[in-house]
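Descriptive structure summary
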Amino acid sequence: KNQVEQSPQSLIILEGKNCTLQCNYTVSPFSNLRWYKQDTGRGPVSLTIMTFSENTKSNGRYTATLDADTKQSSLHITASQLSDSASYICVVSSASGGSYIPTFGRGTSLIVHP
Amino acid sequence: GAGVSQSPSNKVTEKGKDVELRCDPISGHTALYWYRQSLGQGLEFLIYFQGNSAPDKSGLPSDRFSAERTGGSVSTLTIQRTQQEDSAVYLCASSLERWTKNIQYFGAGTRLSVL
């Protein structure tokens, strides 16, 4: 069964600090892995997309890593800001006959305090 | 338009009624996706359109759910005989081309409450 597990479930940090969110998956066959940021009451916003051959992808202060061998990904946030407070969702997509088969993590809720 | 537009933003209905949710994707985006997000739960994939065709409808939770897309643009998600467990935020997204490597842009969602 395809699964995506995210940790921690929630995280509180002080403004300016760095943090790392984890995503472990058992999805096969693997197509790509995405990280999204979702503010309360809004739709998710794409942060990074990584395919099998990519092991690092950056988007500003966000850096995602992918280890396809261990089936793990991380999202590192540098110099956190209050606006980083949101839910961060890991999504791993599989492919079968061209169909789109995403598996979602439950998300990590990040709170950045001043 | 500037982004993915969904309407209505909020919908309150009585159990047993039918509802229709609308999604206007970004102009030129050929791929369109519907998701559901229940309170305290993760996102759940419902259906994906490439153009007007939906290659796989197995994500729809029951036969009360149906979706269509016309003219490669607007899509509607219809829920018949709504049940309380259908209460959720229904999100639509679109991408320039098929899903494999393109960014999906999400709308703000329709919050459905079934009383």
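We now turn to the structure provided with this report. Every chain begins its residue count from 1, and numbering advances along the sequence as written. Working convention: letters from A go to chains and numbers from 1 go to ligands, in the order in which they are written. Selection of residues for local features in this predicted model requires a pLDDT of at least 70, selection of side-chain atom pairs for listing and counting requires 80 or more, and totals for whole chains, interfaces and linings are taken over all residues. Hydrogens and water are ignored here; the side-chain numbers use all heavy atoms of the structure.

To continue, consider the overall build of chain A. Each helix corresponds to a stretch of at least 4 residues labelled H or I by DSSP, and each strand to a stretch of at least 2 residues labelled E; elements are numbered beginning at the N terminus. If you tally the helices and strands in chain A, you get 0 helices and 11 strands. Along its sequence from the N terminus, chain A presents helices and strands in the succession β-β-β-β-β-β-β-β-β-β-β. Relative to the 2.2 N^0.38 estimate, which gives 13 Å for 114 residues, the radius of gyration of chain A is 14 Å and therefore close to what a compact globule would have. By element, 48% of the accessible surface of chain A is carried by carbon and sulfur atoms, the whole surface being about 5,400 Å². Averaging the positions of the 9 positive and the 7 negative side-chain charges in chain A gives two centres separated by 5 Å. The quantity called the radius of gyration is restricted to C-alpha atoms. Its globule counterpart is 2.2 Å times the number of residues to the power 0.38. The accessible surface values rely on the Shrake-Rupley method and a 1.4 Å probe; as for residues, cover is taken only from the protein chains in view. Positive charges come from Lys and Arg, negative ones from Asp and Glu, while His and the chain ends are left out of the count. By convention, the point assigned to a charge is CZ for Arg, NZ for Lys, CD for Glu and CG for Asp.

This paragraph deals with the overall build of chain B. In terms of regular secondary structure, chain B is built from 0 helices and 10 strands. Along its sequence from the N terminus, chain B presents helices and strands in the succession β-β-β-β-β-β-β-β-β-β. The globule rule puts the C-alpha radius of gyration for 115 residues at 13 Å, and the 13 Å found for chain B is close to it. Overall, the C-alpha framework of chain B stretches about 35 × 25 × 25 Å when taken along its three principal axes. Burial here depends on accessible area, computed with a 1.4 Å probe over protein chains only, as a share of the maximum for the residue type. Under 20% is buried, over 50% is exposed, and the range in between is partly exposed. Relative to its 115 residues, chain B shows a buried fraction of 48%. The contact criterion used throughout is that any non-hydrogen atoms of two residues lie within 4.5 Å. Relative to all contacts within chain B whose residues are 6 or more apart in sequence, the contacts with residues 24 or more apart total 56%. Surface exposure of chain B reaches about 5,500 Å², of which carbon and sulfur atoms provide 45%. Taking the average location of the 12 positive side-chain charges in chain B and that of its 11 negative ones, the two points are 2 Å from each other.

Right, let's talk about the interface of chain B and chain A for a bit. One frequent convention defines the size of an interface as the accessible area lost when the parts assemble. Taken together, the contact between chain B and chain A spans 23 residues of the former and 21 residues of the latter. Note on definitions: salt bridges are taken to be side-chain nitrogens of Lys or Arg within 4 Å of carboxyl oxygens of Asp or Glu. The tally of links between chain B and chain A comes to 0 salt bridges. Polar contacts here mean pairs of N or O atoms no more than 3.5 Å apart (in protein, one a potential hydrogen donor and the other a potential acceptor; neighbouring residues in sequence count only if both atoms are side-chain atoms). For the pair chain B and chain A, the number of links is 2 residue pairs in polar contact (both at pLDDT 80 or more). With 4 residues, the single largest contributor to the side of chain B that touches chain A is strand β5 (residues 43-50) of chain B. Amino acids outside the nonpolar list (Ala, Val, Leu, Ile, Met, Phe, Trp, Tyr, Cys, Pro) and the charged list (Asp, Glu, Lys, Arg) are all regarded as polar, and Gly is one of them. Residue classes in the side of chain B that touches chain A are distributed as 11 nonpolar, 8 polar and 4 charged.

Another aspect to go through is the nonpolar core. By convention a nonpolar core is built from buried Ala, Val, Leu, Ile, Met, Phe, Trp, Tyr and Cys residues, the set being connected through side-chain atoms within 4.5 Å. A:Y25, A:L33, A:W35, A:L75 and A:Y88 are the most contacted members of the largest nonpolar core, which totals 23 residues. Of all the secondary structure elements, the ones that give two or more residues to this core are β3 (19-26), β4 (30-38), β5 (45-51), β7 (62-67), β8 (72-77), β9 (86-96) and β11 (108-113) of chain A. Here A:L75 is in contact with A:C19, A:T20, A:L21, A:W35, A:L47, A:Y62, A:T63, A:A64 and A:Y88, once residues within four sequence places are set aside. Counting residues in hydrophobic clusters, the runner-up holds 21 residues, among them B:C23, B:W34, B:L60 and B:F65.

Two cysteine sulfur atoms make up a disulfide if the distance between them is within 2.5 Å. According to the stated counting rule, one finds 2 disulfides over all chains in the structure shown. Note on cysteine connectivity: B:C23 is disulfide-linked to B:C92, with sulfurs 1.9 Å apart. One quick way to see it: the torsion about the S-S bond of B:C23 and B:C92 is about -65°, and its sign makes the bridge left-handed. Taken together, the residues span a long stretch of sequence, with B:C23 in strand β3 (residues 19-24) and B:C92 in strand β8 (residues 88-95) at a distance of 69 residues. B:C23 gets classed as buried once you look at its relative accessible area, which sits at 0%. There is no disulfide at A:C19, and the cysteine sulfur nearest it, in A:C90, is 15 Å away. Since its relative accessible area comes to 6%, A:C19 is described here as buried.

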